[in-house]
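# Chain and residue survey
As a plain string of letters, each chain reads:
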Amino acid sequence: MNLEKLVRKDTIVIRKIEPSDNSKIAKTIRSVLIEMGVPKVGTAYEDKALDFMFETYIDKRKAYFVVSDGNTIYGGAGIAPLDNYSGNICELQKMYFSKAIRGLGFGSKMMRQCLDFAKEVGFEKCYLETMPYMTDAQKLYKNFGFKSIDKPLGDTGHYSCTVWMIKDL
């Protein structure tokens, strides 16, 4: 029996991050990155913000959402202005989910939540970076209208991520 799939989908919510979520979301994201074989350098794994997600997303044009069931954090995703870029483009950031909830529709729900927020605060486009072998994630992004581009925008510091995508909002 797969115990990881025994989560109660009806009790899981997507909500804005709270200060008490910091260590839980950092642990979840790092464990997913390790599971996926993502390099620890040039990716979100080494981001200083990973340990201070609540504080990182306090600005009015930033938001980070977590997938939560009580005290358990299964994953999350955020929106923030694209680093080192002068245009009105946001970035979909740190969207990772533990195995326990993959395939249950939370990726689509989270995308809607993030993109709705990005539109509400006035961004014109949404950009993201990912790894070439994260094909399930890329399929989700394409379903939401993201298109591949041939070079990165801005400078996120994630030089190990070699797939770049953008979407008009």
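The preceding data block contains the structure.
In what follows, the accompanying structure is described. (Residues numbered from 1 in each chain as written. Predicted model: local features only at pLDDT ≥ 70, side-chain atom pairs only at ≥ 80, totals over all residues. Heavy atoms only, no water.)

On to the overall build of the chain. Looking only at helices and strands, the chain features four helices and seven strands. Its helices and strands taken in sequence order, the chain reads β-α-α-β-β-β-α-β-α-β-β from the N to the C terminus. For the chain, whose C-alpha radius of gyration is 15 Å, the value lies close to the compact-globule estimate of 15 Å for 169 residues. Its C-alpha atoms give the chain principal-axis dimensions of about 45 × 35 × 30 Å. Within the chain, the fraction of its 169 residues that count as buried is 47%. Intrachain contacts of the chain at a sequence separation of at least 6 include 68% that bridge at least 24 residues. Surface accessibility of the chain: about 8800 Å² in total, with carbon and sulfur atoms responsible for 52%. Charge separation in the chain, taken as the distance between the mean sites of 25 positive and 21 negative side-chain charges, equals 4 Å. (Helix = DSSP H or I, 4+ residues; strand = E, 2+ residues; numbered from the N terminus. Rg over C-alpha atoms; globule rule 2.2 N^0.38 Å. Buried < 20%, exposed > 50% of the residue type's maximum accessible area, 1.4 Å probe, protein only. Contact = heavy atoms within 4.5 Å. Areas by Shrake-Rupley, 256 points an atom, 1.4 Å probe, with all protein chains shown as cover. Lys, Arg positive; Asp, Glu negative; His and termini not counted. Charge placed at Lys NZ, Arg CZ, Asp CG, Glu CD.)

In this section: the sheet that holds strand 4 (residues 89-97). With mixed pairing, seven strands are arranged side by side in an open sheet as 1-2-3-4-5-7-6. Lying at the two open borders of the sheet, with one neighbouring strand each, are strand 1 (13-16) and strand 6 (147-149). Going from strand to strand, the sheet's axes swing by 30° on average, the running direction of each strand aside. Sheet topology places strand 4 next to strand 5 (residues 125-130); three bridges connect them, and they run parallel. Looking at strand 5, one finds that E91 is bridged to Y127. Running at roughly 155° to strand 4, helix 3 (residues 106-120) makes contact with strand 1, strand 2 (63-69), strand 3 (72-81), strand 4, strand 5 and strand 7 (163-168) of the sheet. (Pairing = 2+ DSSP bridges. Axes fitted to C-alpha atoms, helices over the stretch in contact; angles between N-to-C directions.)

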